[in-house]
Amino acid sequence: MTLGRSTAPPGSAWFRRGRGCGRRGRAGAALVCRLVSVLVVTGTCTGVGKTVVTAALAAVAAARGASVAVVKPGQTGVGVGEPGDVDEVRRLAAVDDVHELARFPDPLSPAAAARRAGLPPVRLADAANRVRDLSGDRRLVLVEGAGGLLVRYDEEGATIADLAHEVGAAAVVVTRPDLGTLNHTALTLEAMAHRGVELAGVVVGAWPDDPDLAMRSNIRDLETIAARPLSGVLPAGAGALDPAEFLLTAHRGLAPSFGGAFDPAEFRDRHGPDKE
Ligand SMILES: Nc1ncnc2c1ncn2[C@@H]1O[C@H](COP(=O)(O)OP(=O)(O)OP(=O)(O)O)[C@@H](O)[C@H]1O
Ligand SMILES: C[C@H](N)[C@H](N)CCCCCC(=O)O
Ligand SMILES: [Mg+2]
């Protein structure tokens, strides 16, 4: 995916029919002319930094002039009147076009939290329709899951992977840098491949100032597992920045495919295990 450029992005974007294109199809009708991307932001677990990465993607895209909407289909662990993940994105990225589709107070999976609240669960088919509607006139729609890829939204076992597949979105996988992440990342990528969900990139959600040996070593192995360079690394503490500082950090921390300036080779050289 390439935001704000004329080159066609791979996979996660498509051209949408629209007016004013100026080109004509075989039947003489105006051809598709607007590039739209829908990205699902998932992770290897809860608390890995999906919200911060979602905010970073939104901030960088909005700064390039793209219209960005952010959707959280199921927010759990947050009470009435308390800020949820989309409020965090609004604060960090200064993007107001945010949509929380359902909220359940218990800090559980959306399916379990709905069950405990005695409320109907999130219907991901409805969420997919909402995402499609939003993509009608936005340049980028970001959809943040709850927890990891296979967390359930209802008793039938619908997951954010189903939503991604349904709307044809690629997924950004946010991962931890520390020991244990290699297995969690491999499992997530394997489950995505099994379900036909394309990988948009692996992003480390929170890289500390003092990475240990496992973290340094994991850079290369995460790239091996993903069969591509890292698509970004955000520093720990980014979530506490003000919007202007956050935008600079997001730009530095996201790869050019997401509109940023992150250089995975430079990061690998600087932080690899022989740089202790
Ligand atoms: N780069 C970062 N800078 C600062 N804080 C971070 C960063 N990444 C994560 N955090 C903090 O770690 C915690 C978990 O991060 P976050 O809320 O983004 O996780 P998540 O993957 O979105 O989890 P959930 O499944 O609840 O949506 C939060 O308190 C957040 O502020
Ligand atoms: C409450 C938490 N912050 C998330 N919103 C939901 C995480 C659900 C994880 C379920 C699991 O994988 O066991
Ligand atoms: Mg979150």
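These numbers were taken from a predicted model, which means no experiment stands behind them.

Engineer: Break down the UniProt feature "binding site: Mg(2+)" (unreviewed entry) in the protein chain for me, citing the residues and quoting the values.
Structural biologist: Cross-referencing UniProt, the feature "binding site: Mg(2+)" (unreviewed entry) maps to Thr51, Asp85 and Glu144 in the present numbering. The largest pairwise C-alpha distance within this set of annotated residues, which runs over 94 residues, is 8.6 Å, so the set is compact in three dimensions. Structurally, Thr51 is set in helix 1 (residues 50-63). With residues up to four places along the chain from it excluded, the contact list for Thr51 reads Asp85, Glu88, Val89 and Glu144. Within the secondary structure layout, Asp85 lies in helix 2 (residues 85-93). Exposure remark for Asp85: the relative accessible area of 18% places this residue in the buried category. When residues no more than four places from it in sequence are discounted, the contact partners of Asp85 are Thr51, Lys72, Gln75 and Glu144. Only 3.0 Å separates the side chain of Asp85 from the side chain of Thr51, close enough to count as a polar contact.

Engineer: Explain the coordination of the magnesium ion (ligand 3) to me, using residue names and the numbers behind them.
Structural biologist: Around the magnesium ion (ligand 3), the donor atoms from the protein are Thr51 (OG1), Asp85 (OD) and Glu144 (OE), and they sit 2.0 to 2.2 Å away. Ordering the donors of the magnesium ion (ligand 3) by residue number gives the pattern T-x33-D-x58-E. Taken together, the residues span a long stretch of sequence, with Thr51 in helix 1 and Asp85 in helix 2 at a distance of 34 residues. You can call Thr51 buried: its relative accessible area is 12%.

Engineer: Outline helix 6 (residues 181-194), listing residues and values.
Structural biologist: The periodicity of an α-helix, 3.6 residues per turn, causes residues three or four positions apart to be oriented the same way. Taking 1.5 Å as the rise per residue, helix 6 with 14 residues should run 20 Å; its terminal C-alpha atoms sit 20 Å apart, in good agreement. Restricting attention to buried positions, one finds in helix 6 the residues Thr181, Thr185, Thr188, Leu189, Ala191 and Met192. Buried residues of helix 6 fall within an arc of 160 degrees about the axis and therefore sit on the same side. Helix 6 presents Leu187, Glu190, Ala193 and His194 as exposed residues on the side facing more than 90 degrees away from its buried surface. With its phi angle positive at about 75 degrees, Gly196 sits one or two positions after the end of helix 6.

Engineer: Give a detailed account of the site of ligand 2, specifying residues and quantitative values.
Structural biologist: Taken together, Thr46, Thr76, Pro107, Leu108, Ser109, Gly147 and Val151 make up all the residues around ligand 2. Contacts to ligand 2 include Thr46, whose side-chain N or O atom sits 3.4 Å from a nitrogen atom. Within the side chain of Thr76, one N or O atom sits 2.9 Å away from a nitrogen atom of ligand 2. Coverage of ligand 2 by the protein chains reaches 58% of its 390 Å² of free accessible surface. Residue composition of the shell around ligand 2, grouped by class: 3 nonpolar, 4 polar and no charged.

Engineer: Tell me what's going on with the site of ligand 1, and back it up with residues and numbers.
Structural biologist: Within the structure, ligand 1 sits among 18 residues, and Thr46, Lys50, Thr51, Gly237 and Ala238 are positioned closest to it. The separation between an oxygen atom of ligand 1 and a polar side-chain atom of Lys50 is 2.7 Å. Between an oxygen atom of ligand 1 and a side-chain N or O atom of Asp85, the distance comes to 2.9 Å. Relative to its free-state accessible area of 610 Å², ligand 1 is covered by the protein chains to the extent of 70%. Looking at the shell around ligand 1, the elements with two or more residues in it are helix 1 and strand 9 (199-207). For the shell around ligand 1, the element with the most residues is helix 1, which contributes 3 residues. Here the shell around ligand 1 is composed, by residue class, of 6 nonpolar, 8 polar and 4 charged.

Engineer: Pulling in residues and values, what's your account of the packing of aromatic side chains?
Structural biologist: For the structure shown, the criterion picks out 2 aromatic pairs. A ring pair is formed by Trp207 and Phe267, whose centres lie 5.1 Å apart and whose planes are at 70 degrees; its orientation type is edge-to-face. Taken together, the positions of Trp207 in strand 9 and Phe267 in helix 9 (residues 264-271) put the pair 60 residues apart, joining distant regions of the chain. Of the two residues, Trp207 and Phe267, neither departs from the other in class, the shared state being buried. Between Phe262 and Phe267, the ring centres sit 5.6 Å apart and the planes meet at 50 degrees, which makes this aromatic pair tilted. Accessibility assignment for this pair places Phe262 and Phe267 in one class, buried. Taken together, the ring pairs in this structure connect Trp207, Phe262 and Phe267 into an aromatic cluster.

Procedures and definitions
Residues numbered from 1 in each chain as written. Chains lettered and ligands numbered in written order. Predicted model: local features only at pLDDT ≥ 70, side-chain atom pairs only at ≥ 80, totals over all residues. Heavy atoms only, no water. UniProt positions renumbered as here; feature names shortened; annotations may be inferred. Helix = DSSP H or I, 4+ residues; strand = E, 2+ residues; numbered from the N terminus. Contact = heavy atoms within 4.5 Å. Buried < 20%, exposed > 50% of the residue type's maximum accessible area, 1.4 Å probe, protein only. Polar contact = N/O pair within 3.5 Å; in protein donor to acceptor, adjacent residues only side chain to side chain. Donors = N, O, S within 2.8 Å, 3.2 Å for Na, K, Ca; no water. Expected span 1.5 Å × (residues − 1). Arc of directions from axis to C-beta. Near = heavy atom within 4 Å. Areas by Shrake-Rupley, 256 points an atom, 1.4 Å probe, with all protein chains shown as cover. Nonpolar A, V, L, I, M, F, W, Y, C, P; charged D, E, K, R; others polar. Phe/Tyr/Trp six-rings, centres within 6.5 Å; stacked < 30°, edge-to-face > 60°.

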